[in-house]
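Okay, here's what each chain looks like letter by letter:
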Amino acid sequence: MRVLVTGAAGFIGYSLITRLLARGDEVVGVDVVNDYYDVSLKEARLARLVEQGGSRFSFCRNDFADYAGLTAALEGKQFERVVHLGAQAGVRYSIENPHAYVQANLVGHLNLLEVARHRGAEHMVYASSSSVYGGNTKLPFSVDDRVDHPLSLYAATKKADELMSETYAHLYRLPLTGLRFFTVYGPWGRPDMMMWLFTKAILAGEPINVFNHGDMYRDFTYVDDIVSGVIACLDNPPPDDGAVKAGGSEKPHRLYNIGNHKSEHLMKVIAILEEQLGRKAEMNLMPMQPGDVRQSFADIDAISGDLGYRPTTSIEVGVPNFVRWYKDYHGL
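Quick caveat: nothing in here was measured; it's all calculated off a predicted structure.

**Q** So what about the overall build of the chain? Which residues, and what values?
**A** Regarding its fold elements, the chain presents 11 helices and 13 strands. Whereas a compact globule of 332 residues would reach a radius of gyration of roughly 20 Å, the chain reaches 19 Å, a difference of no more than 12%. Out of the 332 residues in the chain, the part that is buried amounts to 54%. Summarising the internal contacts of the chain: among those between residues at least 6 apart in sequence, 81% fall at separations of at least 24. For the chain, the accessible surface area stands at approximately 13,600 Å², while carbon and sulfur atoms represent 51% of it. Taking the average location of the 33 positive side-chain charges in the chain and that of its 40 negative ones, the two points are 2 Å from each other.

This is how it looks when you write it as structure tokens:
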């Protein structure tokens, strides 16, 4: 298979491309490699992809929010399927820098829909987010739930991406699958996310900021389980058969949650980190942050029923895996 993957230098993008290359696929990666977090980590991921893929991996250092630049860079490159993972990430950062989200997440998503349409792509899988569920209190979150009340601009852009995708599935019969990811963590993860921030601070003997005074629950999903779900979707485009799909569309457009189907207490994860790092965490207990939610919990019945997807990695396995990788990466 020949696949275009955006966000190729990012956490999930890198992890996905590694798996695609390992099974023999050809991959065209796109990433602007911005400085939202440490560029050297992104470059290290890219270097590994070049090493793993050889001639089967090509890379375009382009901003996918620039349509003219993107289409020029992709000219002559062959691909049948698209995985659009690139985005401006982060719920809290969207409060500080809203315009970055409109460009990357709205303009950028439209550009990829246009690329997929004009290239006659067989299927485009794209990243949505569990944040679209906003302040929903019914647990676990189901793809059949209403998602009309986002609590952050980031969440609003991801909901908008789902709506844009629905119109392209309707107008152009473009097969599309949107994936609502739940709190992804694991090796090669992002430095702005909780697992990395807490590990770094605990090792340095510095305090960690624990929001809502520790009364937080997340459906922590190990990156290998996320990638397995993405590939299961990529290999199975939604049919244009008029039947109602996951998420409610009658077009060739599906929505799936990809989570671990377990809502874990934040303090339990901190305890595992303390055990793995051999030291206690000093905690700054703080109020809830604007745009944040107390609990996330994925109902994965839709993707399990359609594609047989089942996560296999508990936090008791995944968190120690991350800590081992973190120490190795930093030479500790």
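From this point, the narrative continues.
**Q** Residues and numbers for the packing of aromatic side chains, please.
**A** Centre distance and the angle of the planes are the two values used to describe a pair of aromatic rings. A full pass over the atoms with the stated rule returns 18 aromatic pairs. Relative to Tyr326, the ring of Trp196 has its centre 5.3 Å away and its plane inclined at 85°; by these criteria the two rings are edge-to-face. Taken together, the positions of Trp196 in helix α7 (residues 194-204) and Tyr326 in helix α11 (residues 315-329) put the pair 130 residues apart, joining distant regions of the chain. For the pair formed by Trp196 and Tyr326, the shared burial category is buried.

**Q** Which residues make up the pairing of strand β1 (residues 2-6), and what values go with them?
**A** A large share of β1 lies buried, amounting to four of its five residues. Relative to strand β2 (residues 26-30), β1 runs parallel, the two sharing five bridges. When the sheet's bridge partners are listed, Leu4 is paired in β2 with Val28.

**Q** Give me the packing of helix α1 (residues 11-22) against helix α8 (residues 223-234): which residues, what numbers.
**A** Two numbers describe a pair of packed helices, the interaxial angle and the distance between the axes. Closest axis-to-axis distance for the α1/α8 pair is 10 Å, and the angle between their directions is 65°. In this structure, the crossing between α1 and α8 has a hand that is right-handed. Listed contacts from α8 to Phe11, Ile12, Ser15, Leu16, Arg19 and Leu20 of α1 are Val223, Asp224, Ile226, Val227, Ser228, Val230, Ile231 and Leu234. Grouping the amino acids of the contact of α1 with α8 by side-chain chemistry returns 10 nonpolar, two polar and two charged.

**Q** Run through the sheet that holds strand β11 (residues 253-258), naming residues and quoting values.
**A** Taking strand neighbours across the sheet as the criterion, the seven strands line up as β3-β2-β1-β4-β5-β6-β11 in an open arrangement whose pairing is parallel. Two strands lie at the open edges of the sheet, namely β3 (57-60) and β11, each paired on one side alone. Neighbour-to-neighbour, the strand axes of this sheet turn through a mean angle of 20°, independent of strand direction. The sheet contact formed by β1 and strand β4 (residues 81-84) spans four bridges and is parallel.

**Q** Which residues make up the environment of Gly278, and what are the values?
**A** Within the element layout of this structure, Gly278 appears in the loop between α9 (266-277) and β13 (283-285). For Gly278, a relative accessible area of 65% puts it in the exposed group. For the pair Gly278 and Ile202, spaced 76 residues apart in sequence, the C-alpha to C-alpha distance is 9.3 Å.

**Q** Before we move on, could you go through the pairing of β3 and cite the residues and values that matter?
**A** Pairing geometry for β2 and β3, over four bridges, is parallel. From the neighbouring strand, Gly29 faces β3, where its bridge partner is Phe59. Between β2 and its parallel partner β3, the chain crosses via helix α2 (residues 39-53), and the hand of that crossover is right-handed.

**Q** Describe the side chain of Thr6, with residues and values.
**A** Take Thr6: it is sitting in strand β1. Beyond its immediate chain neighbours, meaning those up to four positions away, Thr6 contacts Val30, Phe64, Val83, His84, Leu85, Gly86 and Leu112.

**Q** So what about α9? Which residues, and what values?
**A** The end-to-end C-alpha distance of α9, which contains 12 residues, comes to 17 Å, matching closely the 16 Å that a straight helix rising 1.5 Å per residue would cover. Looking at α9, one finds that the buried residues are Leu266, Val269, Ile270, Ile272, Leu273, Glu274 and Leu277. Elements that come into contact with the buried residues of α9 comprise α7, β8 (208-210), β12 (264-265), β13 and α11. With its phi angle positive at about 70°, Gly278 sits one or two positions after the end of α9.

**Q** Please provide a residue-by-residue account of α1, values included.
**A** Helix length check: α1 (12 residues) gives 17 Å between terminal C-alpha atoms against 16 Å at 1.5 Å per residue, within 8%. Here α1 lies mainly inside the structure; nine of its 12 residues are buried. For α1, the complete set of buried residues consists of Phe11, Ile12, Gly13, Tyr14, Ser15, Leu16, Ile17, Leu20 and Leu21.

Definitions and limits used
Think of each chain on its own: its residues are numbered from 1, step by step along the sequence as written. The model is predicted, so local features are restricted to residues of pLDDT at least 70 and side-chain atom pairs to those at 80 or more, both for listing and for counting; the totals for chains, interfaces and linings are taken over all residues. Side-chain measures here rest on the full set of heavy atoms in the structure, leaving out hydrogens and waters. A helix here means a DSSP run of H or I that spans at least four residues, while a strand means a run of E at least two residues long, and both kinds are numbered starting from the N terminus. Each radius of gyration is computed over the set of C-alpha atoms, and the globule rule expresses the reference value as 2.2 Å times the number of residues to the power 0.38. Classification of residues uses two cut-offs on accessible area relative to the type maximum, computed with a 1.4 Å probe and protein chains only: under 20% is buried, over 50% is exposed, and between them is partly exposed. We call two residues in contact when some of their heavy atoms are within 4.5 Å. The Shrake-Rupley method, run with a 1.4 Å probe sphere, supplies the accessible areas, and residue values consider only the shown protein chains as cover. Neither His nor the chain ends contribute to the count of charged residues, in which Lys and Arg are positive and Asp and Glu negative. Lys charges are placed at NZ, Arg charges at CZ, Asp charges at CG and Glu charges at CD. Whether two aromatic rings pair depends on their centres lying within 6.5 Å, for rings of Phe, Tyr and Trp, where Trp uses its six-membered ring; planes under 30 degrees apart make the pair stacked, over 60 edge-to-face, and the rest tilted. By this definition, two strands are paired if DSSP reports at least two bridges between them. All axes here are fitted lines through C-alpha atoms, helices being fitted over the stretch that makes contact, and every angle between N-to-C directions spans 0 to 180 degrees. Left-handed describes a crossing whose near helix is turned anticlockwise from the far helix by less than a right angle; the clockwise case is right-handed. Here the term charged refers only to Asp, Glu, Lys and Arg, the term nonpolar to Ala, Val, Leu, Ile, Met, Phe, Trp, Tyr, Cys and Pro, and the term polar to all other amino acids, Gly among them. When the strands point away from the viewer, a crossover counts as right-handed if the path from the first strand over the helix to the second runs clockwise. Multiplying one less than the number of residues by 1.5 Å gives the expected span of a helix.

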